[in-house]
Amino acid sequence: MKDLSGWGRYPRLSGPLGKARDMGPAATATATLPGVIARGLGRSYGDAAIGRDNTIDATGLNRMQSFDPNTGILAVEAGVPLADIIDTFLPQGYFPCAVPGTRFVTVGGMIASDVHGKNQHIHGTFGDHVAWLMLAMPDGRVMRCSPHENAELFKATIGGMGLTGTILSAGFRLKQVETGWIRQTTHVAANLGEAVRLLSQTANATYTVAWIDVLARGASLGRSLILEGEHATADDLPWGDVRFPPSTNGRLAVPMDMPSWLLNGMTVRAFNELYYRNGARKAGQTTTVPWDSYFFPLDGIAHWNRIYGRRGFVQHQCVIPEAKAEGVVSDILERISSHGAGSFLAVIKRLAPGSGLMSFPMEGLTLALDIPFNEKLKPLLAEIDALVVAAGGRLYLAKDATQSPATFAAGYPNLDRFKALRDEIGATGRMASKLSERLGL
Amino acid sequence: MTETDRHTTPKRLLVVGGTSDIGRAVAATYAARGWHITLAARDTDGAERNADDIRTRSGAHQIDVKHLDILDTNSFEPFLDGLDALPDTVVCVVGMLGDQTRAQEDADHATTVMRTNFEGPALLLEMVAARFAARGHGLIVGVSSVAGDRGRASNYVYGAGKAGFSAYLSGLRNRLAKTDVHVATVKPGFVRTSMTADMDLIGPLTAEPEAVADRIAALETRPADIVYVLRAWRLVMFIIRAIPESIFKKLSL
């Protein structure tokens, strides 16, 4: 038995964890173990990567298979970390088409969660760049799935949270970049309305995201820094700069659990104030920053989840359809703000529809925030979820630890198709995580 | 091979045990330095998997896979003759921990463990040494174990095999000391590999396979005879060897 939890460290559960060292054993485990789910680097926040009865540690599937510079398609086993891919291919001038906020995730996990990055509004999710994948099914077959082969299964596996089978390997496109630097422009929004307007205005930028001060109230509610980014060309670099800087972060670490009282209204408010003011000084300026601090700022602090203490935290990420987005986000912020214990990490971003059956993105605005967990939080989250449901929005399964089956069903209109497909391939009850059990899948 | 050839054509590494975690790390380290790699293994599919990985990561295409069963001693001669060229360096990482309790009761299992850790590697490296000596140079790296430094109740069948291997390497080194053929014995201590996956390892005494590979590759420029990958192990094993047998036999280490 192993203690198992997600990155948010809520809930903390335990169960058997077996390491698959090759694709054959991973397929066998998928076909023979009851209530099983694959787990990569454990960066989903809640209970998605914890099996109902058994968990397959897929990090042993860590071999790269081939790279074709003509098509840009990299084939790897599903446990290869994104960090390895960037370390290997960025110096050759290639970068993944979509990356999430941490590079310590596996390819299998990125596909299962259909992760998105700051360019999702233009370039789609990670799943949009997957050319094919090999899926180990509960009946023992291993199927090659792509937009042309077993297309329905492919669509269900992109964003399917591992519930259609175990992803063994995949091929996906890398894009060419001239440098490993990003030209970042900061805009300041004094309130939510301005932030939403600026996000629309910067929608042509490759990367755009807003950091939002969750604790600001009244006229300042929703004040934000909008960070726009473009890949720097070789000509953009000051003379003498290394074109592909190696990763510099990773030297800092949170050595142990911080006491739970550390993050209270006052300390978080002080942090947010400083962060906002520091950003506001750079308003309108463009700076050139290395890839790691732009895409993965928190990777620079190992075990940053410990800052929330032993009780852990939840990350709540919803998306609200365009028409109601501003009003609902404003309502959520007001409730969080009056609750007090807000977060360092609140982000809003414009999303475009996703392509997987169960993909999270839809046309609208997404809001993601970290909140230290305690039991008193549950009613607040339920209130927020009700707002999301009423607006026709949904919650991101890779972040989720608390939503109800009703909230889930309301948010995912393809759920019936997904369930029917799971029945058809014998996955119902066999491929099962704590998340799928909680949500009644 | 003329002196100029040696500078223009890549040097060659033979890894015996090409599916092991240490073998994979050694091959990747040498490939990154531009060497031609041959992975020898019984499980050629597993070795091909590692070869593809190294090719993709390093962009190097000079890597091939050959079948070799370390228990099939009759195959060693044709195996070595069948290589495209005699390697510059041979790193032997084959080994088998086995199951100590089973080995006590099952002579066949004990035989397999001892032959895999000692007989096979020793006989193969003897043939390599003869070829290196005839050519005039070469580096032989035998990956042995601290378990061979003193027999313990928990793993003495494995330990005895490794002790035999260490003694063999020591003798080979002694015999070839006046030639340009170098023999190194590497004792990794605990390494985080599939062999040790079920053990509770002591953090400060545990190395990653990449660290073992770096120490081995360093032998190319700075030869050494007996290498403990983590220096702490030299002290630990010094103490363990120094304990009188009358006391040692009563300990459970």
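Residues numbered from 1 in each chain as written. Chains lettered and ligands numbered in written order. Predicted model: local features only at pLDDT ≥ 70, side-chain atom pairs only at ≥ 80, totals over all residues.

Undergrad: When you look at the overall build of chain B in this model, what are you seeing that I'm missing?
TA: From N to C terminus, chain B includes ten helices and nine strands. For chain B, the C-alpha radius of gyration of 18 Å lies close to 18 Å, the compact-globule estimate for 253 residues. Seen through its C-alpha atoms, chain B measures out along the principal axes to roughly 60 × 40 × 35 Å. Within chain B, residue pairs in contact and separated by at least 24 positions form 67% of the contacts whose partners lie at least 6 positions apart. (Helix = DSSP H or I, 4+ residues; strand = E, 2+ residues; numbered from the N terminus. Rg over C-alpha atoms; globule rule 2.2 N^0.38 Å. Contact = placed C-beta atoms within 7 Å.)

Undergrad: For this particular structure, what's the right way to read the overall build of chain A?
TA: The helix and strand inventory of chain A stands at 13 helices and 21 strands. Here chain A has a C-alpha radius of gyration of 21 Å; the compact-globule value for 441 residues is 22 Å, and the two agree. Projected onto the principal axes, the alpha-carbon positions of chain A cover approximately 60 × 55 × 45 Å. Each of the 441 residues in chain A was classed as buried or not, and the buried ones make up 52%. Pairs at least 24 residues apart make up 75% of the contacts formed inside chain A by residues separated by at least 6 positions. (Buried ≥ 20, exposed ≤ 12 C-beta atoms within 10 Å, placed from the backbone.)

Undergrad: Mind showing me how you'd approach the packing of helix H2 (residues 21–32) of chain B against helix H8 (residues 209–218) of chain B here?
TA: The relative placement of two packed helices comes down to the angle between their axes together with the axis-to-axis distance. Residue and element names in this part refer to chain B. Here H2 crosses H8 at 55°, and the two axes come no closer than 8 Å. Between H2 and H8, the angle falls in the class oblique. Considering only the axes of H2 and H8, their crossing is right-handed. Only Pro209, Glu210, Val212, Ala213, Asp214, Ile216 and Ala217 of H8 make contact with H2, whose side of the interface consists of Asp21, Ile22, Ala25, Val26, Thr29 and Tyr30. Of the residues contributing to the contact of H2 with H8, the split by class is nine nonpolar, one polar and three charged. (Axes fitted to C-alpha atoms, helices over the stretch in contact; angles between N-to-C directions. Parallel < 35°, antiparallel > 145°, perpendicular 65-115°, else oblique. Left-handed = near helix turned anticlockwise from the far one by under 90°. Nonpolar A, V, L, I, M, F, W, Y, C, P; charged D, E, K, R; others polar.)

Undergrad: How should the sheet that holds strand E5 (residues 138–143) of chain B be read in this particular structure?
TA: Where strands meet in a sheet, backbone hydrogen bonds hold them as pairs that are either parallel or antiparallel. All names here are of chain B. Spatial ordering of the open sheet is given by E3-E2-E1-E4-E5-E6-E9, a layout of seven strands whose pairing is parallel. This sheet does not close on itself; its edge strands, each paired only once, are strand E3 (63–67) and strand E9 (226–228). Pairwise comparison of adjacent strand axes, ignoring direction, gives a mean angle of 20° for this sheet. Looking at chain direction, E5 and strand E6 (residues 181–187) are connected through six bridges and run parallel. Bridge pairing in E6 places Leu139 opposite His182. Across the sheet, helix H3 (residues 44–58) lies against strand E2 (36–41) and E3, angled at about 175° from E3, the strand it touches most. (Pairing = 2+ DSSP bridges.)

Undergrad: What should I look at first to understand the interface of chain A and chain B in this one?
TA: Often the size quoted for an interface is simply the accessible area lost on bringing the parts together. In this assembly, eight residues from chain A lie in contact with eight residues from chain B. For the side of chain A that touches chain B, the element with the most residues is strand E6 (residues 64–68) of chain A, which contributes four residues. For the side of chain A that touches chain B, the class distribution of residues is two nonpolar, three polar and three charged.

Undergrad: Honestly, the nonpolar core in this entry has me stumped. Any pointers?
TA: A general trend in soluble globular proteins is that nonpolar side chains are found buried together. A:Ala26, A:Ile111, A:Leu168 and A:Val329 are the most contacted members of the largest nonpolar core, which totals 132 residues. In terms of residues, this core owes the most to one element, helix H9 (residues 322–339) of chain A, which gives six residues. Not counting residues within four places of it along the chain, the set of residues in contact with A:Ala26 comprises A:Ala20, A:Ile56, A:Ala58, A:Leu61, A:Ala136, A:Thr166 and A:Leu168. In this structure, B:Trp35, B:Val93, B:Ala122 and B:Tyr168 belong to the second largest nonpolar core, which totals 67 residues. (Core = buried A, V, L, I, M, F, W, Y, C linked by C-beta atoms within 7 Å.)

Undergrad: Sorry if this is basic, but what is going on with the packing of H9(A) against helix H10 (residues 377–390) of chain A here?
TA: All names here are of chain A. Following both chains from N to C, one finds H9 and H10 inclined at 170°, their axes separated by 10 Å at the closest point. By the angle class used here, H9 and H10 are roughly antiparallel. Of the residues in H10, those in contact with Val328, Asp331, Ile332, Arg335 and His339 of H9 are Leu380, Glu383, Ile384 and Leu387. Split into classes, the residues belonging to the contact of H9 with H10 amount to five nonpolar, one polar and three charged.

Undergrad: Even after reading the chapter, I still don't get unusual backbone geometry, so can you show me in this structure?
TA: Excluding glycine, residues mostly have negative phi values, and the peptide bonds linking residues are mostly trans. All names here are of chain A. For the bond running from Tyr10 to Pro11, omega is -5°, close enough to zero to count as cis. Among the secondary structure elements, Pro11 is positioned in the loop between strand E1 (2–5) and strand E2 (12–15). At His303, a residue that is not glycine, the phi angle is positive and equals roughly 55°.

Undergrad: Looking at this model, I keep getting lost on H3(B). Mind explaining?
TA: Quick reminder: α-helices carry 3.6 residues per turn. Residues three or four places apart thus point the same way. With 15 residues, H3(B) should reach 21 Å at 1.5 Å per residue; the first-to-last C-alpha distance of 20 Å fits that figure. Among all positions in H3(B), only B:Ala47, B:Arg49, B:Asn50, B:Ala51, B:Asp53, B:Ile54, B:Thr56, B:Arg57 and B:Ser58 are buried. (Expected span 1.5 Å × (residues − 1).)

Undergrad: Quick question: what am I supposed to make of the sheet that holds strand E4 (residues 36–39) of chain A here?
TA: Residues and elements named next belong to chain A. Ordered in space as E3-E5-E4, the three strands form an open sheet in which the pairing is parallel. Lying at the two open borders of the sheet, with one neighbouring strand each, are strand E3 (17–19) and E4. Taking the axes of each pair of neighbouring strands and ignoring which way they run, one obtains an average angle of 30° across the sheet.

Undergrad: Looking at this structure, how should I read the environment of A:Val107?
TA: All names here are of chain A. For Val107, the position within the fold is in helix H3 (residues 107–112). Between the C-alpha atom of Val107 and that of Leu41, which follows or precedes it by 66 residues, the distance is 10.0 Å. Apart from residues lying up to four places away in sequence, Val107 is in contact with Val76, Ala78, Val80 and Ala170.

Undergrad: Looking at this structure, I do not really get the environment of A:Ala38. What am I missing?
TA: Residues and elements named next belong to chain A. By the element assignment, Ala38 lies in strand E4. Taking C-alpha positions, Ala38 is 24 Å from Arg394, a pair spaced 356 residues apart along the chain. Leave out the neighbours within four places in its chain, and Ala38 touches Ile56, Ala58, Gly108, Gly162 and Thr166.

Undergrad: I keep staring at the pairing of strand E19 (residues 346–351) of chain A and nothing clicks. Help me out?
TA: All names here are of chain A. Summarising burial for E19: five of the six residues are buried, a large majority. The sheet contact formed by E19 and strand E20 (residues 364–372) spans six bridges and is antiparallel. The residue bridging Leu351 from the neighbouring strand is Gly364, located in E20.

Undergrad: I keep staring at helix H1 (residues 23–32) of chain A and nothing clicks. Help me out?
TA: Here H1(A) has its buried residues at A:Met23, A:Ala26, A:Ala27, A:Ala29 and A:Thr30. One side of H1(A) holds all its buried residues, which, seen down the axis, span an arc of 160°. (Arc of directions from axis to C-beta.)

Undergrad: Is there a simple way to think about the confidence of the model for chain B in this case?
TA: Do not read the predicted coordinates in detail wherever pLDDT is low. Residues and elements named next belong to chain B. Summary statistics for chain B give a mean pLDDT of 92 and a share of 97% for residues scoring 70 or more. Confidence drops under pLDDT 50 across residues 1–6; counting only partners more than four residues distant or on other chains, this segment forms one contact. Scored as a whole, the predicted complex attains pTM 0.92, and scored at its interfaces, ipTM 0.90. (pLDDT = per-residue confidence, 0-100.)

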